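Per-entry structural report
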Amino acid sequence: MNADVAGLFTPGELTRVMGVVNVTPDSFSDGGTFLDPIDAVRAGLRMVAEGADLIDVGGESTRPGALRVPASEEMRRVLPVVAQLAAAGVRVSVDTTRVSVAAAAVDAGAVLVNDVSGGHDPELLAMVADRGVHYVLMHARGPSATMAEQAVYGDVVAEVVAELDSRLEAVLAAGIAEERVVIDPGIGFAKTSAHSWALLGHLHAFAAFGRPLLVGTSRKSFLGTVLADGQAQPRPSDARDDATQATTALLAAADVWGVRVHAVRPAADAVRVVHAWKRSAQATAPTTLVANPPTGVPGGSRTADASRTGWSP
C-alpha cells in the first residue's frame, strides 16, 4: 500500500470527500452527463481541484429498479476513466459488484473497490484480498431491480448492523485485511425514506465495527421526500444539493470517515467549516464572559447560559 493511499486513513484528519463520476446513461442523478470518457476524466479532475480526496467511478446504475448491463459494457465505460485518472495521480475507487470489472480497474490503478452488493461474491472478495486494495462493504439486500421489495425491517438499525456483521465475517474469512475494510450502511439501498433517516439518526450503532464509516446521502430520494412541495411531490434529484450539504455537515460533525457526493466543492467546504468549528470548541475556553451576554434561556439566567455554552462566569 503506498503512502498516498495510507494518507486517506490517517486518524484525526478531516472527513474524506468521495466525488462521484457515473459513466452511465441511467444513474438517478448524473446519468448521461459523463458518457464520454473525456468528459468523465475532466469531471474527476475538476472534483479533485475542488477538494475531493478520491473519485468513485461507476459504469452501472444502482438506482432502485435499474437493470444490469453486460460486464463487457460496464468495463468499456469504466476502464478508460479509471486509467486516465490514476495516471494523473488521482486516488480512484471503482463502484462495481463484478470481479472482472473490479480486477481490471485495480490493474488500471484503482486503489479501492466499492462493492454495493454487500460482499456476496466470493470471487470478488478473493480478488480484493489477493490484490491488497481497500474495500467498501455496503449493506444491501438483493440487486437494484428488486431491492425495494426487500425494504422490510422490524428494527432497521439492529438488522442492518447484524447483517453487516455477518458479511464482515465473510469478508475477513476471504482474507481481506480488517484494516482495509470500510463500512457503509447503504442509505437508500433496500431502505425506505424512514429507514434511511433511522440509520442516520443512529450512526453510533456502527462504531462497534471499529472501521471507517462511509455514508452516501447525496441527492437521494429520502431527501426529496422530506423536501416535498405542498402537493407532496418529492423534490427532483437535481434540486437536492443544499439538503445534501446539510447532511454532509452533520456527518462530518459525527466524525464519519467519508461522504460520497456528486457536488464536491460545497461538501468539501462544509467539512472544513465543521473541522474549524470543532477545533475551536476543543480550544481552551475563556475564563470570563463577554460583557452583557445574551440571556436566551428560560428565566434569563446568565449562569444557565454559561452552563449551556461551556463558558464560566
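Up top you'll find the structure we're talking about.
To keep things clear, this report deals only with the structure shown in the data block. (Residues numbered from 1 in each chain as written. Predicted model: local features only at pLDDT ≥ 70, side-chain atom pairs only at ≥ 80, totals over all residues. Heavy atoms only, no water.)

A few words on the overall build of the chain. The number of helices and strands found in the chain is eleven helices and eight strands. Considering the chain as a whole, with its 313 residues, one finds that 47% of them fall into the buried category. Partitioning the intrachain contacts of the chain with sequence separation of at least 6 by distance along the chain shows that 65% fall at a separation of at least 24. When the accessible surface of the chain is summed, it comes to about 14,400 Å², and 54% of that surface belongs to carbon and sulfur atoms. (Helix = DSSP H or I, 4+ residues; strand = E, 2+ residues; numbered from the N terminus. Buried < 20%, exposed > 50% of the residue type's maximum accessible area, 1.4 Å probe, protein only. Contact = heavy atoms within 4.5 Å. Areas by Shrake-Rupley, 256 points an atom, 1.4 Å probe, with all protein chains shown as cover.)

Ordered by their spatial adjacency, eight strands build an open sheet running 6-5-4-3-2-1-8-7, and the pairing between neighbours is parallel. One side of each edge strand has no neighbouring strand; the edge strands of this open sheet are strand 6 (181-184) and strand 7 (214-215). Along the sheet, helix 3 (residues 71-87) makes contact with strand 2 (54-58) and strand 3 (92-95), crossing strand 2 at roughly 160°. (Pairing = 2+ DSSP bridges. Axes fitted to C-alpha atoms, helices over the stretch in contact; angles between N-to-C directions.)

Once that is clear, we can look at the side chain of T244. Following the sequence through the fold, T244 ends up in helix 9 (residues 241-253). Taking relative accessible area as the criterion, T244 reaches 0% and is therefore assigned buried. The contact partners of T244, leaving out residues within four places of it in the chain, are T217, S218, R219 and L223.

By the definition in use, this model includes 14 salt bridges. Note that R260 is salt-bridged to D56, the shortest N-O span being 2.8 Å. Of this pair, R260 sits in strand 8 (residues 258-261) while D56 sits in strand 2, and the two are 204 residues apart along the sequence. Here the two residues R260 and D56 agree in accessibility, since each one is buried. For K278, the salt bridge is made with D255, and the minimal N-O distance between the two is 2.4 Å. (Salt bridge = Lys/Arg side-chain N within 4 Å of Asp/Glu carboxyl O.)

So, about the nonpolar core. V57, V113 and F206 are the most contacted members of the largest nonpolar core, which has 70 residues in total. In terms of residue count, helix 6 (residues 156-173) provides more of this core than any other element does, seven residues in total. Ignoring sequence-local partners within four residues, the contact set of V57 consists of V21, V23, V78, V81, V82, L85, V92, S93, V94 and D95. Grouped together as the second largest cluster of nonpolar side chains are eleven residues, V5, L54, L112 and L214 included. (Core = buried A, V, L, I, M, F, W, Y, C linked by side-chain atoms within 4.5 Å.)

So, on to the packing of helix 4 (residues 99-107) against helix 5 (residues 122-131). Where helix 4 contacts helix 5, the axes come no closer than 9 Å and their chain directions differ by 15°. In terms of orientation, helix 4 and helix 5 fall into the roughly parallel class. Helix-helix and strand crossings are classified by hand; for helix 4 and helix 5 the assignment is right-handed. Counting all contacts with helix 4, which are made through V99, A102, A103, V106 and D107, the residues of helix 5 involved are E123, L124, M127 and R131. Looking at the contact of helix 4 with helix 5, its residues break down into six nonpolar, no polar and three charged. (Parallel < 35°, antiparallel > 145°, perpendicular 65-115°, else oblique. Left-handed = near helix turned anticlockwise from the far one by under 90°. Nonpolar A, V, L, I, M, F, W, Y, C, P; charged D, E, K, R; others polar.)

To continue, consider helix 3. For helix 3, with 17 residues, the first-to-last C-alpha span of 23 Å sits near the 24 Å given by 1.5 Å per residue. The sharpest bend along helix 3 measures roughly 30° and falls at V78, with the proline P80 sitting one to four residues further on. At the exit of helix 3 stands G89, carrying a positive phi of roughly 90°. (Expected span 1.5 Å × (residues − 1). Bend = angle between axes of the 7 residues up to and from the residue.)

Here the focus is unusual backbone geometry. Unlike most non-glycine residues, A190 shows phi in positive territory, near 55°. Note that A190 resides in the loop between strand 6 and helix 7 (193-200). For R219, which is not a glycine, the phi torsion comes out positive at approximately 60°. The residue R219 is located in the loop between strand 7 and helix 8 (221-226) in this model.

Each pair of packed helices can be summarised by the angle the axes make with each other and by the distance between the axes. In the contact formed by helix 2 (residues 37-50) and helix 3, the axes pass within 9 Å of each other and the chain directions differ by 40°. If you check the angle between helix 2 and helix 3, you find them oblique. Pair helix 2 / helix 3 crosses with right-handed handedness. For the pair formed by helix 2 and helix 3, the contact residues are P37, A40, V41, G44 and L45 on the first element and P80, V81, Q84 and L85 on the second.

Moving on, we come to the packing of aromatic side chains. Per the counting criterion, the structure on display carries two aromatic pairs. The interplanar angle of 0° and the centroid separation of 5.0 Å between the aromatic rings of F9 and W257 together place this pair among those described as stacked. With F9 in the loop between helix 1 (3-6) and strand 1 (16-22) and W257 in the loop between helix 9 and strand 8, this pair connects stretches of sequence that are 248 residues apart. The exposure class of W257 is buried, given its relative accessible area of 12%. Pairing W197 with F222 gives two aromatic rings, centres 4.9 Å apart and planes at 75°, and the pair type is edge-to-face. Taken together, the residues W197 in helix 7 and F222 in helix 8 connect sequence positions 25 residues apart. The buried category is assigned to F222, whose relative accessible area is 2%. (Phe/Tyr/Trp six-rings, centres within 6.5 Å; stacked < 30°, edge-to-face > 60°.)

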